[in-house]
Amino acid sequence: MTTNEFQVTGMSCGHCEASVRTEVAKIAGVEHIDVSAQTGRLVVSSSAPLLDADIVAAVDEAGYEAVRI
Ligand SMILES: [Cu+2]
């Protein structure tokens, strides 16, 4: 299991979290997603290593900006 942590800016509520979760879940290999609008933290667990760019693109698709931490 690989864990990828990001800081996401722009989320303010549960709907924001759900949007991010929905887009990130589309990435092949993603097994678990923790996302908090309160902290801006996004933790993505996967069976195989993921490309940071794919996660950043998914978060962008949801309307927010993610930076690897
Ligand atoms: Cu929101």
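Look up a bit, the structure's there.
The structure displayed is predicted, hence computed values, not measured ones. (Residues numbered from 1 in each chain as written. Predicted model: local features only at pLDDT ≥ 70, side-chain atom pairs only at ≥ 80, totals over all residues. Heavy atoms only, no water.)

Observations concerning the nonpolar core
General note: in soluble globular proteins, nonpolar side chains tend to be found buried as a group. Cut-off, in case you're wondering: We define the nonpolar core as a collection of buried residues of types Ala, Val, Leu, Ile, Met, Phe, Trp, Tyr and Cys that are connected through side-chain atoms lying within 4.5 Å of one another. To sort residues, take the accessible area from a 1.4 Å probe on protein chains only and compare it with the maximum for the residue type: under 20% means buried, over 50% means exposed, and anything in between is partly exposed. Counting from the N terminus, the helices are DSSP H or I runs at least four residues long and the strands are E runs at least two residues long. Note on definitions: a residue-residue contact is assigned when non-hydrogen atoms from the two residues lie within 4.5 Å.
Ranked by size, the top nonpolar core spans 20 residues in total, and within it Met-11, Val-20, Val-24, Leu-42, Ile-55, Val-59 and Tyr-64 carry the most contacts. Taken together, the elements giving at least two residues each to this core come down to β1 (2–9), α1 (14–24), β2 (30–35), β3 (41–46) and α2 (52–62). Among the elements that take part in this core, α2 stands out by supplying four residues, more than any other. Other than its neighbours up to four places away in sequence, Leu-42 contacts Asn-4, Glu-5, Phe-6, Val-8, Val-20, Val-24, Ile-33, Asp-34, Val-35, Ile-55 and Val-59.

Considerations on the coordination of the copper ion
The test is simple: Each metal site is built from N, O and S donor atoms within 2.8 Å (3.2 Å for Na, K and Ca), and since water is not included, such sites may look incomplete.
Every protein donor of the copper ion is listed here as Cys-13 (SG) and Cys-16 (SG), and their distances to the metal cover 2.0 to 2.1 Å. Relative accessible area serves as the criterion here: at 31%, Cys-13 is assigned to the partly exposed category. For Cys-16, a relative accessible area of 7% translates into the label buried.

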